[in-house]
Each structure stands twice: as C-alpha cells, then as structure tokens.
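# Inside the fold
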Number of protein chains: 2
Amino acid sequence: MKLIHQLSKETGIPIGTIRFYEKSGLFKGTTKKEVTTNNYVYYGEEVADKLRFIQMAKAVGFTLSEIKEVVDAWYKKEISRKAKIEVLDKKLAQIEEKMKELRTVKKQIALCKFNIENGLD
Amino acid sequence: MKLIHQLSKETGIPIGTIRFYEKSGLFKGTTKKEVTTNNYVYYGEEVADKLRFIQMAKAVGFTLSEIKEVVDAWYKKEISRKAKIEVLDKKLAQIEEKMKELRTVKKQIALCKFNIENGLD
DNA sequence: TTGAACTATATAGTATACTGCATTGTTGTG
DNA sequence: CACAACAATGCAGTATACTATATAGTTCAA
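Described in the following lines is the structure provided in the data block. What you are looking at is a predicted structure, and each value in this text was computed from that prediction instead of being measured.

### Observations concerning helix α3 (residues 45–59) of chain A
Compared with an ideal rise of 1.5 Å per residue, which puts 15 residues at 21 Å, α3 of chain A spans 21 Å between its outermost C-alpha atoms and is within 8% of the ideal. For α3 of chain A, every residue scored as buried is listed here: V47, A48, K50, L51, F53, I54 and A57 of chain A. On its buried face, α3 of chain A is in contact with α1 (4–11), α2 (15–23) and α4 (64–75) of chain A together with α5 (81–117) of chain B. Of the residues trailing α3 of chain A, G61 of chain A is marked for its positive phi of about 95°.

Listed below in structure tokens is the structure:
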C-alpha cells in the first residue's frame, strides 16, 4: 500500500490527474481507520493496474466515461453478471472496430508515404 | 463539387464541425470566381476522403493537431519531402503503439469477462 | 414573388479532461 | 524543533473539440 506521491511516480501520472480520476469514480483508495491523526489515502497495486489500463484505453480513444463502464463491470457488486457481460461485449466490439480503423489509417498513411517517396504527389 | 450541406449529408459530419475543421486548417474548399453573387464554398471528393480519414484517426485517439500534421504532409508543397516522410514514419510508429495498446486492452477485458463467466470475480 | 432551404460570418456557450494555486494540516529527518 | 516534503480540500483556469445562436444574404421551386 502506497501514498499518492509514490503511485504517481510509479505510473507517471500526475497527482492532480490521479485525484481527478478518483473523484470521477474510476477507483478508490483506502484510509486506515487505525490512524486518527490524518486522513491520508493509500492505494494498492490494483489501483496502479487500473491506472495503466486507463492510460492505454485513453490512448486508443476511449473516453473516461467509457472506461468507467468497463471498470464498473470489473468490480462493482451492484451490477448483475448479465449486465457486466453485456458491457464487456460491447467494448470488445468497439475494440474490433478501432482495430479496423487503425488498419485503414495505417494503409492510408503508408500509401501517402509511398506516393511521396516515388514522386507521385 | 458540392456545397457544405451535401458534404455533411454524405459524411454524417455536422456542418458546424466541418466549418470548425476547415477553420482549423484541415482542408480547404474552393470558391468559384466566375460566380460574383455569393461566396459559397464548394468541396471536392478529396475533402470527403479527408473527413473520413479525420473521423477514423479521431476514433483511435489522434488529436486534431496530430491529424493536421499528417494532412499537411499529405499535400502541403511548402514542406520538404524529407520532413514529410519523417512525420509519416512517426505516425506509423504511433499506430503500431496504439495497436499494441489495443491488444492489451482487449486481453484485459476478455480476461475480465472470463472471470465473470466463471464466477472468479 | 414569397417562403423554405440553403449560405456565410461571428461570437458565445458547453463538455471533457485536466492543471494550477491557495490553504491548511502531517510527517520525517537533521 | 525547525523545515522540507509530503497530504487533503476546494476552487479557478486552460486546452481541445465541438455546438448553438444570431444575423444577414442567396437560391430555387411553387
């Protein structure tokens, strides 16, 4: 269990951003009830994992609210198994779509490069 | 050559967004100098192509300024061949990175789904 | 020739995702 | 025990990417 500064160093995500994500409901740290002198929040390794997941999902164009849907399906007890599977299947389909788009964009750029290299532009 | 309303219908991109993209320098329509009664702007098929490219690039997490770099390498005469290739190679590397991230995110979600289906959550 | 459907320009407002700052309190090292 | 380095809270500010509104002019079919 680590404090926010340590978590930030480990993941490369600024402290402000981590707090913003936490306030957005993407994860929750824990306070140690035996400590009464402060209200410092501790984060486990699963939070670091979640942050890395968030970073990657963002990099491929998912919004925070889309990411939150997945994270909720990941661990929220209030959501039914059926609803969770539904969300995850939807995300998997979106990922396939993104892979297709990524291949198309790649082809387009490769063609553009080919044209420039061969003076066809 | 079509007007903005037609272009919007064909691509599914709102007129306001098309104007915003044009102002951002992502493409340029043409005015017919023989027409003096108005200053309507016409768009060729290559603009529709560019819009479709923009949509896909956005969907996989590229920002408008990143997309603009590619679009400029695509057709700007002021940019040297060498600089263009450099930009395109950088983008191709970014695309590989995104593909890797997409596969990781997919694996993570598939594992999450497996756990839920098998009651391991 | 009137009215619906377009066109352009300009400006303001919104949503998302941060980012910075000020304040106040806590902890640990020399 | 001072003081740097950390922690929490709250709120203001910024960047990006739209989105809406207002105004004014143009086109075209009935």
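### What about the relation of the copies chain A and chain B?
Once chain A is rotated about the relating axis by 180° and shifted along it by 0.0 Å, it coincides with chain B to within an RMSD of 0.0 Å. Both copies of the chain, as the preceding transformation shows, are related through a two-fold rotation axis. By C-alpha distance to the rotation axis, the residue of chain A lying nearest is G61 of chain A, at 1.9 Å. The residues that chain A uses at the interface reappear at the interface of chain B in 100% of cases, marking a shared surface.

### Focus: the packing of helix α4 (residues 64–75) of chain B against α5 of chain B
Residues and elements named next belong to chain B. Direction vectors running N to C along α4 and α5 enclose 140°, while the axes themselves pass 9 Å from each other. In terms of axis orientation, α4 runs oblique to α5. With respect to the hand of their crossing, α4 and α5 are arranged in left-handed fashion. Contact with α4, carried on its side by E66, E69, V70, D72, A73 and Y75, involves K84, V87, L88, K90, K91 and Q94 of α5 and no other residues of that element. By residue class, the composition of the contact of α4 with α5 is 5 nonpolar, 1 polar and 6 charged.

Rules of the game
- Residues numbered from 1 in each chain as written.
- Chains lettered and ligands numbered in written order.
- Predicted model: local features only at pLDDT ≥ 70, side-chain atom pairs only at ≥ 80, totals over all residues.
- Heavy atoms only, no water.
- Helix = DSSP H or I, 4+ residues; strand = E, 2+ residues; numbered from the N terminus.
- Expected span 1.5 Å × (residues − 1).
- Buried < 20%, exposed > 50% of the residue type's maximum accessible area, 1.4 Å probe, protein only.
- Contact = heavy atoms within 4.5 Å.
- Least-squares fit on C-alpha atoms with pLDDT ≥ 70 in both.
- Axes fitted to C-alpha atoms, helices over the stretch in contact; angles between N-to-C directions.
- Parallel < 35°, antiparallel > 145°, perpendicular 65-115°, else oblique.
- Left-handed = near helix turned anticlockwise from the far one by under 90°.
- Nonpolar A, V, L, I, M, F, W, Y, C, P; charged D, E, K, R; others polar.

These results come straight from atomic positions and should not be treated as a statement about function.
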